[in-house]
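Structural characterization, general
The residues making up each chain are set out below.
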Amino acid sequence: MTESLKRVFAAKKAHGVPAFVTFVTAGYPSPADTVPLMFAMADGGADVIELGVPFSDPIADGPAIQDSNNVALAFEVSYAHVLGMLRDARNKGLTTPVLLMGYYNPLLSYGEEKAVQDAAAAGANGFIMVDLPPEEAIRFRSICTREGISYVPLVAPSTSLARIKFLASIADSFIYVVSKMGTTGSSAEVAMNVELPQLLARIRAYTPVPLAVGFGVATRAHFQSVAAAGSDGVVVGSRIVSLIKASPPGEMLGNVRKFCAELTNHASTMPTPAHIANGAGAQAVPAAPSPALPVPAAPAAIPAELKVTEPTVLPSRFGAFGGQYVPEALVDALAELEEAHKAALADPAFWAEFESFYGYINRPSRLYHAERLSAYAGGANIWFKREDLNHTGSHKINNAIGQILLARRIGKKRIIAETGAGQHGVATATACARFGLECVVYMGAEDVRRQALNVFRMKMLGAKVGAVIPVHSGSKTLKDAINEAMRDWVTNLSTTHYLVGSAIGPHPFPTIVRDFQRIIGREIKAQMAEIKGKLPDVVVACVGGGSNAIGTFYDFIKEDGVRIVGVEAGGDGVDTARHSATLALGTPGVLHGVRTYLLQSPTGQIIETHSISAGLDYPGVGPEHAWLKDSGRAQYIVANDEEALRGFRMCTQLEGIIPALESAHAVWGAVQIAKTLPKDQDVVLCLSGRGDKDVEQISEILPGQWADKLDWHIEM
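Residues numbered from 1 in each chain as written. Predicted model: local features only at pLDDT ≥ 70, side-chain atom pairs only at ≥ 80, totals over all residues. Heavy atoms only, no water.

1. Quick notes on the overall build of the chain
Where we set the bar: Each helix corresponds to a stretch of at least 4 residues labelled H or I by DSSP, and each strand to a stretch of at least 2 residues labelled E; elements are numbered beginning at the N terminus. Restricting the calculation to C-alpha atoms gives the radius of gyration, and the globule rule supplies 2.2 Å times the number of residues raised to the power 0.38. Think of it in three bands: residues with accessible area under 20% of the maximum for their type are buried, residues over 50% are exposed, and the middle band is partly exposed, with areas taken using a 1.4 Å probe on protein chains only. The contact criterion used throughout is that any non-hydrogen atoms of two residues lie within 4.5 Å. Note that accessible areas follow from Shrake-Rupley with a 1.4 Å probe, and for residues the cover is restricted to the protein chains shown. For the purpose of counting charges, residues Lys and Arg are taken to be positive, whereas Asp and Glu are taken to be negative. His and the chain ends are not included. Taken as the charge centre is NZ of Lys, CZ of Arg, CG of Asp or CD of Glu, depending on the residue.
Looking only at helices and strands, the chain features 29 helices and 23 strands. Against the 2.2 N^0.38 benchmark of 27 Å for 716 residues, the chain shows a C-alpha radius of gyration of 27 Å, consistent with a compact globule. Along the first, second and third principal axes, the C-alpha atoms of the chain reach 85 × 55 × 45 Å. Per-residue burial over the chain gives 62% buried out of 716 residues. Pairs at least 24 apart in sequence give 76% of the contacts found in the chain among residues at least 6 apart. Just so you have it, the chain exposes about 25,500 Å², and 55% of that area is on carbon and sulfur atoms. Each charge sign in the chain was given a centre, from 63 positive and 71 negative side chains, and these centres are 3 Å apart.

2. A short note on the packing of helix α18 (residues 423–435) against helix α20 (residues 452–461)
To be explicit about the condition: For helices, the fitted line uses only the C-alpha atoms of the stretch in contact; every axis is such a line through C-alpha atoms, and the angle between N-to-C directions lies from 0 to 180 degrees. Geometric relationships in this document are graded by angle, where less than 35 degrees denotes roughly parallel, more than 145 denotes roughly antiparallel, 65 to 115 denotes roughly perpendicular, and other angles denote oblique. For this classification, the nonpolar set comprises Ala, Val, Leu, Ile, Met, Phe, Trp, Tyr, Cys and Pro, the charged set comprises Asp, Glu, Lys and Arg, and every other residue, Gly included, is treated as polar.
Two elements in contact, α18 and α20, have axes separated by 9 Å at closest approach and are oriented at 10°. Taken together, the axis directions place α18 and α20 in an arrangement best described as roughly parallel. Residue-level contacts link Q423, G425, V426, A429, T430 and A433 of α18 to N454, R457, M458 and L461 of α20. Classifying every residue of the contact of α18 with α20 by side-chain character gives 5 nonpolar, 4 polar and 1 charged.

3. Things to note about the nonpolar core
Generally speaking, nonpolar side chains in soluble globular proteins are found buried as a group. Spelled out, the test is: In these notes, a set of buried Ala, Val, Leu, Ile, Met, Phe, Trp, Tyr and Cys residues joined through side-chain atoms within 4.5 Å is what counts as a nonpolar core.
In this structure, L100, F127, F140 and Y176 are the most contacted members of the largest nonpolar core, which totals 187 residues. By residue number, the principal contributor to this core is helix α13 (residues 328–345), which donates 8 residues. I382, V538, V683 and L687 belong to the second largest nonpolar core, which has 29 residues in total.

4. Some details on helix α4 (residues 79–91)
Owing to its 3.6 residues per turn, the α-helix brings residues three or four apart onto one side. What counts is decided by this rule: Given the number of residues in a helix, its expected span is that number minus one, multiplied by 1.5 Å. Directions drawn from the helix axis to the C-beta atoms are what define this arc.
Given a rise of 1.5 Å per residue, 13 residues ought to cover 18 Å, and the 18 Å separating the end C-alpha atoms of α4 matches this to within 8%. Those residues of α4 that sit buried are Y79, V82, L83, M85, L86 and A89. Mapping the buried residues of α4 onto a view down its axis gives an arc of 155°, with all of them on the same face. Where α4 is buried, its residues touch α2 (34–43), β2 (48–52), β3 (98–102), α5 (104–110), α6 (112–122) and β4 (126–129). Once α4 ends, the next one or two residues include G93, with phi positive near 110°.

5. Overview of the environment of S547
Which entries qualify depends on this criterion: Nitrogen and oxygen atoms within 3.5 Å of one another constitute a polar contact, given that in protein one can donate a hydrogen and the other can accept it, and given that sequence-neighbouring residues count only through two side-chain atoms.
By the secondary structure assignment, S547 is in helix α24 (residues 547–553). Along the primary structure S547 and H625 are separated by 78 residues, whereas in three dimensions their C-alpha atoms are 9.8 Å apart. With near-sequence residues (within four places) excluded, S547 lies in contact with H395, K396, G501, S502, A503, V513 and Q517. A distance of 2.9 Å separates a polar atom in the side chain of S547 from a polar atom in the side chain of H395.

6. A few points about the sheet that holds strand β13 (residues 381–385)
Going by this rule: Think of it this way: DSSP has to see at least two bridges between two strands before they count as a pair.
With mixed pairing, 6 strands are arranged side by side in an open sheet as β12-β13-β23-β18-β19-β22. Pairing within the sheet leaves two strands with one partner each, and these edge strands are β12 (367–369) and β22 (634–639). Each strand of the sheet is rotated relative to its neighbour by a mean of 25°, with strand direction disregarded. The pairing of strand β19 (residues 563–569) with β22 spans 6 bridges and is parallel. Residue E568 lies in a different strand from β22, and its bridge partner there is V638. Helix α28 (residues 661–675) rests against β13, β18 (538–542), β19, β22 and β23 (682–686) of the sheet, and its axis sits at about 150° to β18.

7. Side note on the environment of R633
You can see R633 is positioned in the loop between α26 (623–631) and β22. Put simply, R633 and I175 are 458 residues apart on the chain and 44 Å apart in space, counted from C-alpha to C-alpha. Not counting chain neighbours up to four residues away, the residues in contact with R633 comprise F556, I557, E559, D560, V562, I564 and L628. At a separation of 2.8 Å, a polar atom in the side chain of R633 contacts the main-chain carbonyl oxygen of V562.

8. Focus on the pairing of strand β1 (residues 19–25)
Rules: Look down the strands so they point away from you; if going from the first strand over the helix to the second traces a clockwise path, that crossover is right-handed.
β1 sits mainly inside the fold: 7 of its 7 residues count as buried. The alternating pattern of β1 places A19, V21, F23 and T25 and F20, T22 and V24 on opposite faces, both of which are buried. Pairing between β1 and strand β9 (residues 233–236): 4 bridges, direction parallel. Bridge pairing in β9 places T22 opposite V236. Taken together, β1, α2 and β2 constitute a β-α-β crossover, and its handedness is right-handed.

9. A closer look at the pattern of salt bridges
Put simply, the rule is: Basic side-chain nitrogens of Lys or Arg form a salt bridge, by our definition, when they fall within 4 Å of a carboxyl oxygen of Asp or Glu.
Under the defined criterion, the tally for this structure stands at 41 salt bridges. Between D57 and K479 there is a salt bridge, with the nearest N and O atoms lying 2.9 Å from each other. Of this pair, D57 sits in the loop between β2 and α3 (63–74) while K479 sits in helix α21 (residues 478–491), and the two are 422 residues apart along the sequence. With relative accessibility at 2%, the residue D57 sits in the buried group. Its relative accessible area of 6% is what places K479 among the buried residues. For K385, the salt bridge goes to E523, with nearest N and O atoms at 2.7 Å. Highlighted residues: K385 in strand β13 and E523 in helix α23 (residues 519–532), separated in sequence by 138 residues. The residues K385 and E523 share a single accessibility class, namely buried. Within this structure, E112, E113, R139, R146 and E147 form a network of salt bridges that share partners.

10. Some words on the confidence of the model for the chain
As a note on interpretation, predicted positions should not be read in detail where pLDDT is low. Heads up, the rule is: A residue's pLDDT is simply how confident the predictor is in it, with values from 0 to 100.
Across the chain, the average pLDDT comes to 90, with 90% of residues at or above 70. Predicted confidence for residues 267–312 stays below pLDDT 50, and this span has 84 contacts to residues more than four positions away or in other chains.

11. Quick look at the packing of aromatic side chains
Applied cut-off: Any two of the Phe, Tyr and Trp rings considered here, Trp counted by its six-membered ring, make a pair once their centres fall within 6.5 Å; the pair's planes then place it as stacked at under 30 degrees, edge-to-face at over 60, or tilted in between.
Enumeration over the complete set of coordinates arrives at 21 aromatic pairs. Consider the rings of F55 and Y103, whose centres lie 5.7 Å apart with planes at 25°: the pair is stacked. With F55 in the loop between β2 and α3 and Y103 in the loop between β3 and α5, this residue pair connects regions lying 48 residues apart in the sequence. When the ring of Y104 is compared with that of Y325, the centres are 5.8 Å apart and the planes differ by 10°; the resulting orientation is stacked. Taken together, the residues Y104 in helix α5 and Y325 in the loop between β11 (321–322) and α13 connect sequence positions 221 residues apart.

12. Topic: unusual backbone geometry
Cis geometry marks the peptide bond from R363 to P364, where omega comes out at -5°. Among the secondary structure elements, P364 is positioned in the loop between α15 (358–361) and β12. The omega torsion of the bond from H507 to P508 falls at 15°, within 30 degrees of zero and hence cis. With phi around 50°, H592 is a residue other than glycine that occupies positive phi space. When you line up the elements, H592 lands in the loop between β20 (587–591) and β21 (594–598). Note on H592: relative accessible area 3%, which makes it buried.

Encoded structure:
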């Protein structure tokens, strides 16, 4: 299978023209169209076809391919269905090499070894995995080698020379060169990257492997420009997907075939291909294969001067969780960030500067004995760690200030962030205002609606682009805001720092966020020692992505006598499909660059979640929490929407403290735990945020169902 790809590039090179590589999402615009479209592209001159495997959260793709994924998933197209389409095409005579292109989680869900074996059996020639860099693909690559199919590495304009050398050393058929930073997409009005010849020359210094250039090719002029730059192949994807969408009924196949032929000047006139009953074309098999280019087949065959001497290290993990499952363009940016963070941690001057903002943040936050709530529980003492009294109203300001100082250290002056409940957005906008930095915040349209007060606060603080860019894709909540923020970051790496708000995402983000939030647990330790002369017996925090929780828990992980409890959002109930109880009901997978527990379908698609609290409405969780769960060191329980509202009411009416709805989940959990413990024990919960932002939402949902269910009637 790998040999077929080599022969294609050798044959095109012998004719002095680049190979033409096309793309279509399997199942778009319908499952019945995929095989005919593959034949139409082949008949139009495609030398290699990329068959897209649909995924719910394609973070490196632009609107055209995002939409095609959504359409295919509406038809419930799975990885198994994609293989069935390929098998059907092969049975009907398609001889063009086919690469499966997509994201790792559907294959991981299918079973990594089975996914490769079944792909080879169906007739696939290789894989292009957008978020599976080779350091994360050691086992995957070995399976591909054993099955005789190709793992195609990617090189981006941001890829360092050392890394280019490494990627070149593992290429067995060709290298996919990303022509520009950003997401997939094309426009006839946008010129190709003028630095493309230099990028190709940098790669060629390390390998004879063919180079195929993609991203942004839309016209014959683009095709010629890429060919003139020295590329061995030209990849066209989004333009074909857009053409399919724009084609009137009955004209799609002809339009695609014509476009491919015109782009490559395949023929001035082409005979109409034969069609079988379902519309698939018949393709002639070449009489004899062309000789393959002398591409190194395995590391042993690499000349000594091309061998990699730099060590490759697997990214940081917490047990089986963590890592860096990201598009190639982000790999070196993450390495830069990791080195900057390590240097900052070791620099007393950095920490002195961070601590100089404690007065601004309002640190240390107070430890408050909730006497009336404790009496209500009738058991252990309940203490609040008052992160709600921090500047901006939550724990988020700790991380925002820390990462802003880190961003300044590496010279980034544009800050982007994602937000759910809006507290991280407010903290980021606040810190950017304090330091005079540009700020862009992404927020799901549903969260914009239910957190209108925080949206207005961000606008007042001067965050750019209307303070918030509403995200209208997917469930319109935190997951989708993260998708858009990552697409922005990959487009603007040279100027932009992505200020991730929770303990999620690829390494080093979970560690960075934890390191700036662990001040919570450190202060709890010191304050309990001062007040009670001992450690708490239990620490409790709500868990969505898990930043306030890991900040609370981290310094107690090695304290065996302290019980650690996280409280997830149960939504309508864990016996329904509407919840956000990721650790309770999720399974391991890969999303947003990290391996962790996810709420996903059996075929690896990320499912929509629900919580009354926007900040907990997320289908993943920080990888350190996943490790704490699997190791048994921490316990994770669930509070549903009703229980969170009861916790909200208890805290409000017994202590005169209006908590954030996120924190209300922890209030409920802490009360249930305290009930089971003797009066001489102490339960400390992180009151992660105040509830001003949620009062309007409560006033809207309380009348009617909730007022009767909770017996909480407020006269308006």
